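Residues per chain, in single letters:
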Amino acid sequence: MSNRTTDHIRPRGVLSRMKPYTPGKPIWEVQRELGIDKVTKLASNENPIGPSPLAIQAIQSYLTDIHRYPDADTIDLCSAIASKLEVKPDQVLVTNGADELITLLSETFLEEGDEVIVPSPTFSEYEFGANLMGVSVVQVPLCEDYRYEVTDLLAAVTEKTKLLYICSPNNPTGTYMKKQDLHELMDKLPSHVLVIFDGAYSHFVTADDYSDGLELVRQGYPIIVTQTFSKVYGLAGIRVGYGIASASILHHIRQVKEPFNVNALAQIGAAAAIQDDAHLEATREINTLGRERLYESLQELGFKFTRSMSNFVLVELGPDAKSIYDQLMQKGVILRYAGAWNLPDHVRISIGTPDDHQALISALREVLKESKEEQLLSAQKD
Ligand SMILES: *Cc1c(COP(=O)(O)O)cnc(C)c1O
C-alpha cells in the first residue's frame, strides 16, 4: 500500500464522540449573507455598551511593545484581580478566556474512570472538557423552573466523582443557586470532590440571597470560582478569564498551562478594565433596566420566559421556535436557538440596548404577523 495518503492517520477515539461547539453567528457573517448593514446581535451575551474606554486606551498605548513576549505569570493582572476580590495574588490564575480554564481543569484533574457531575441544561464546555479526557459525565437535571436542587446533586456523587460544576447564574436558564444552598452543598460534599463554581455572570445578579462563591475560597473549601472579562467587562474579543482558588489547587493547574497563554494586550486591557467602576456600573444598570423592559415586551406578545439574574433571558417561543429564530435571522436579528440544550421550543436572548430591543421586538412582530397571514392563506386554500 502506498504511503502517499493521509487516509490512515487516526485521531484519538474520543474525538468521534465529541459534539462541536455552536457559537452565536457573528455580525459580519449575517451582513455578508443578507447584504444588509444593520444587524442586531443578541446571541452571545456580549456587553451591549462595548469595552471599557480605559481598556482601549491601555491597549493602544502598549501597541509598540508587542514584539516582546507577555508576562507568563500575569503578575500585574493577578494583583489587580486579587485586590479587587480580596484574595491573595497566589489565589488567582489568569487564562485565555474562562473556556481555557475549563479545559485546563479537565486536563489537570481527570483520568480514566473518573466522573464529572454537570447540571442540565448548562454551558456545554464542561461536558467538552470531560469528553476530551475520555471521562464520563453524570448529568443532573435542574428541577422545576430550572432551579438547582442540592439533594439531587449530592445523590449523584460517588467515589469516582472528581469535579462538580455549578454555573450560577446558569447559562442558558439565568437561574442561580441560593447562598444557603451553596453552603449546604459545600458542607455535605465529600472532600475528594472539587467544585467548579462558574460565575461568568455573577456581576449581573441583583438578588440578595446570591453568593459569588468567593467567601468559600477564602474559607478554604475545595472550590474554584471562575470568572471572565468577556461579559460584564466587554472584552470577549481578547480572551481573558480567571480562576480563584487555594494556591495548592492552582499549583496543579499551573503545571499544565502553557507559559504564554494570555497575550500582552489582553493582560494590559483587563488590568485597566477591572479598575473601571464607572463602566461596570453603567453595564449593570443598562442590563437591569433592559431585562425588565424585555420582560414587559415578551409579556405583551404572550410569550413565557424564565426570570433571569443574568444578561440573557430564556424564552419559550413554542413549537415554531426554530422557524421564528430563522426568520428573525433573515431580518438581521441574531438570537441563540436553544435546540442544542434540548430545549427545541426556546431561544436565549441577550440583553441589549434599548435600540437593540426595539429592533428585536419589531422584527418579532413582523415575523408573527407574516406567519399568521400565511396560516390564513393556507386555510383559505383548503
Ligand atoms: C461566556 C461564558 C464563559 C466564559 O467565556 P470566555 O469568553 O471563555 O471567558 C464561561 N462560562 C459561561 C457559563 C459562559 O457563558
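Reading the values: rules and limits
- Residues numbered from 1 in each chain as written.
- Predicted model: local features only at pLDDT ≥ 70, side-chain atom pairs only at ≥ 80, totals over all residues.
- Heavy atoms only, no water.
- UniProt positions renumbered as here; feature names shortened; annotations may be inferred.
- Helix = DSSP H or I, 4+ residues; strand = E, 2+ residues; numbered from the N terminus.
- Near = heavy atom within 4 Å.
- Polar contact = N/O pair within 3.5 Å; in protein donor to acceptor, adjacent residues only side chain to side chain.
- Areas by Shrake-Rupley, 256 points an atom, 1.4 Å probe, with all protein chains shown as cover.
- Nonpolar A, V, L, I, M, F, W, Y, C, P; charged D, E, K, R; others polar.
- Salt bridge = Lys/Arg side-chain N within 4 Å of Asp/Glu carboxyl O.
- Buried < 20%, exposed > 50% of the residue type's maximum accessible area, 1.4 Å probe, protein only.
- Contact = heavy atoms within 4.5 Å.

**Some points on the UniProt feature "domain: Aminotransferase class I/classII large" (unreviewed entry) in the protein**
(1) Moving on: UniProt tags residues 38-364 as "domain: Aminotransferase class I/classII large" (unreviewed entry).
(2) Moving on: The span residues 38-364 is 39% helix and 17% strand, and its two end C-alpha atoms sit 16 Å from each other.

**So, the site of the ligand**
(1) Moving on: Close contacts around the ligand come from 14 residues, with Asp198, Tyr201, Thr228, Ser230 and Lys231 the closest.
(2) Moving on: The contact in question runs from an oxygen atom of the ligand to an N or O atom on the side chain of asparagine 171, over 2.9 Å.
(3) Moving on: In the environment of the ligand, an oxygen atom lies 3.2 Å from a nitrogen or oxygen atom belonging to the side chain of lysine 231.
(4) Moving on: Within the complex, the protein chains bury 94% of what would otherwise be the 390 Å² of accessible surface of the ligand.
(5) Moving on: For the shell around the ligand, the element with the highest residue contribution is helix α4 (residues 97-109), accounting for three residues.
(6) Moving on: Tallied by class, the residues present in the shell around the ligand amount to six nonpolar, four polar and four charged.

**Side note on the pattern of salt bridges**
(1) Moving on: The full count for this structure, using the stated rule, is 16 salt bridges.
(2) Moving on: A salt bridge links aspartate 99 to arginine 239; the shortest N-O distance between them is 3.8 Å. Within this pair, whereas aspartate 99 is found in helix α4, its partner arginine 239 is found in the loop between β7 (223-228) and β8 (241-244), the two being separated by 140 residues in sequence.
(3) Moving on: For aspartate 99, a relative accessible area of 27% translates into the label partly exposed.
(4) Moving on: A salt bridge links glutamate 184 to lysine 188; the nearest nitrogen and oxygen atoms lie 2.9 Å apart. With glutamate 184 and lysine 188 both in helix α7 (residues 179-188) and four residues apart, this pair spans about one turn of that helix.
(5) Moving on: By relative accessible area, which is 29% here, glutamate 184 ends up partly exposed.
(6) Moving on: Taken together, the shared-partner salt bridges connect Lys25, Glu29 and Glu33 into one network.

**Topic: helix α5 (residues 125-132)**
(1) Moving on: Within α5, six of the eight residues are buried, which leaves the element mostly enclosed by the surrounding structure.
(2) Moving on: Among all positions in α5, only Glu125, Tyr126, Gly129, Ala130, Asn131 and Leu132 are buried.
(3) Moving on: Buried-residue contacts for α5 involve α4, β3 (115-120), β4 (136-141), β5 (161-167) and β6 (194-198).
(4) Moving on: Positive backbone phi, at 70 degrees, marks glycine 134, one or two positions downstream of α5.

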